[in-house]
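Here is what each chain is made of, one letter per residue.
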Amino acid sequence: MTTLVVFVEHSGGNARRGSLEALGAAHAAGCDCIAVLAGADAAQAAQTLGGSGATKAVVLTGPAEHSADAVASAIAEVVGAQGADGFLAASTHHGQDLAARVAAHLDSVLFSDCTGLTSEGDSLSVQRSWLAGKAIAQLTSTAPAFCCTTRLNVFEVCEGEGSVEVSEHAISAEPKTRVVSIEAKGDSKLDVKEAPVVVSGGRGMKEAEHFSLIEDLAAAFGNAAVGASRAVVDTGWRPHSEQVGQTGKVVAPQLYVAVGISGAIQHLAGMRTSGTIVAINKDAEAPIFKVADYGIVGDALEIVPALAEAVRAVKAEG
Ligand code: FAD
């Protein structure tokens, strides 16, 4: 059986959903999973991993737990010590940063932002979106170790039961970075990459103030993040952190609502693998309707408030 070391990010003593999805991906592919965790509360988070697909968890200890270079070096040691075949992380900023470094330590290649993971015998292969999402490539590695990151909101989380055997591994590498301070972000807004629902607005919203309607619809869902097209980011209506697309973030939420967005190829590259796509546009010929599962033709300024009200009514019914 193929064994993968899976990096588990956590917050408040609980594993983050993207990491649970990465564990779920490896488990569903028939791999044996060893979770590796670093940072404050890592030991507590490791104890919560029973039933997640991991059979063991290794907690990295030492003062260099915030240094990506030292943590990556320690993870590569864990891969070797556990006799694992490779490394997997969720495709978050942190996961991508670590995975590239671990791949270098293991003299491997890195398949990033994968949407599929399968094993055949001892060989693992991945699926990745190519050509701005117009094609899906199936890739396998001839390198001695296998490394990949998994796109968020694509893989199922394991909902099993069980326990994990937890051990520790000391970070021995001298860190090349020193963390001066860490400050919590002032807001607790969901990131477009992680939210299960994304409500994105485009130039069809007409002006920055009208994005309060998009925010209100996102609030009605309760678990939604606000996204934006590049056109509105470039005009300064929304921050770049919300931009979806080729030069923004690639998202794959369960539900993507595109409001007043034409559906340019560069925007589609960032959202076309979403579970269900709903488009609201006054132009029935807008290209976004070609990738949409549901389309509403009309004025977004009228439809979005009505939709928010309808979502609230459904939620109130339970
Ligand atoms: P528009 O194309 O202007 O579309 C506005 C839409 O709103 C239209 O379809 C219109 O019918 C509709 N509309 C107007 N009024 C209403 C109304 N009242 N109600 C409902 N609908 C209405 N774009 C990205 O989004 N992300 C990227 O990462 C990105 N990267 C790029 C990289 C490169 C190298 C290049 C060249 C371009 C990139 N772009 C990107 C830009 C992209 O080509 C488009 O210009 C952009 O996506 C258009 O944004 P939009 O759909 O909001 O605006």
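Presented here is an overview of the structure given in this document. (Residues numbered from 1 in each chain as written. Predicted model: local features only at pLDDT ≥ 70, side-chain atom pairs only at ≥ 80, totals over all residues. Heavy atoms only, no water.)

A separate point is the site of the ligand. For the ligand, the set of nearby residues contains 25 residues, the closest of which are S229, T247, S262, Q266 and N281. Within the contact set of the ligand, a nitrogen atom lies 2.9 Å away from a side-chain nitrogen or oxygen of D299. Its free accessible area being 980 Å², the ligand has 77% of it covered by the protein chains. The residue inventory of the shell around the ligand, partitioned by class, reads 5 nonpolar, 14 polar and 6 charged. (Near = heavy atom within 4 Å. Polar contact = N/O pair within 3.5 Å; in protein donor to acceptor, adjacent residues only side chain to side chain. Areas by Shrake-Rupley, 256 points an atom, 1.4 Å probe, with all protein chains shown as cover. Nonpolar A, V, L, I, M, F, W, Y, C, P; charged D, E, K, R; others polar.)

The next thing to look at is the sheet that holds strand β16 (residues 276-281). What the 5 strands build is an open sheet, ordered β14-β13-β15-β16-β17; its pairing is parallel. For this open sheet the edge positions go to β14 (224-228) and β17 (294-297), each flanked by a neighbour on one side alone. Along the sheet, successive strands turn relative to each other by an average axial angle of 15°, direction set aside. Across the sheet, helix α5 (residues 211-221) is in contact with β13 (197-201), β14 and β15 (255-259); its angle to β13 comes to roughly 170°. Packing of helix α9 (residues 300-317) onto the sheet brings it into contact with β15, β16 and β17, and relative to β16 it is tilted by some 135°. (Pairing = 2+ DSSP bridges. Helix = DSSP H or I, 4+ residues; strand = E, 2+ residues; numbered from the N terminus. Axes fitted to C-alpha atoms, helices over the stretch in contact; angles between N-to-C directions. Contact = heavy atoms within 4.5 Å.)

As a further point, take the pattern of salt bridges. Counted under the stated rule, the structure contains 10 salt bridges. The closest approach of N and O atoms between K189 and E242, which form a salt bridge, is 3.8 Å. Residue K189 is located in the loop between β12 (165-170) and β13, and its partner E242 is located in the loop between α6 (230-234) and β15; the two are separated by 53 residues in the primary sequence. Put simply, K249 and D191 hold a salt bridge, and the shortest N to O gap is 2.7 Å. Of this pair, K249 sits in the loop between α6 and β15 while D191 sits in the loop between β12 and β13; the two residues are 58 residues apart in sequence, bridging distant segments of the chain. Judged by its relative accessible area of 27%, D191 falls in the partly exposed class. (Salt bridge = Lys/Arg side-chain N within 4 Å of Asp/Glu carboxyl O. Buried < 20%, exposed > 50% of the residue type's maximum accessible area, 1.4 Å probe, protein only.)

The next point concerns helix α3 (residues 68-81). An ideal rise of 1.5 Å per residue puts 20 Å on 14 residues; α3 measures up with 20 Å between its terminal C-alpha atoms. The element α3 is extensively covered by neighbouring structure, given that 11 of its 14 residues are classed as buried. Along α3, the residues classified as buried are A68, D69, A70, V71, A72, S73, A74, I75, A76, V78 and V79. In this structure, the buried side of α3 is in contact with β1 (3-7), β4 (32-37), β5 (54-61), β6 (86-90), α4 (93-105) and β12. Immediately downstream of α3, the backbone of G83 shows phi near 65°, a positive value. (Expected span 1.5 Å × (residues − 1).)

Moving on: α4. Residues three or four positions apart in an α-helix share a direction because the helix packs 3.6 residues into each turn. Relative to the 18 Å expected for 13 residues at 1.5 Å per residue, α4 spans 19 Å between its end C-alpha atoms, a close match to the ideal helical length. Of all the positions in α4, only G95, L98, A99, V102 and A103 are classed as buried. Each buried residue of α4 lies within a common arc of 135° when the element is viewed along its axis, so the set occupies one face. Along α4, exposed side chains directed more than 90 degrees from the buried face belong to H93 and A104. Those residues of α4 hidden inside the fold are in contact with β1, α3, β6, β7 (109-114) and β11 (146-150). One or two positions beyond α4, positive phi appears at D107, with a value near 55°. (Arc of directions from axis to C-beta.)

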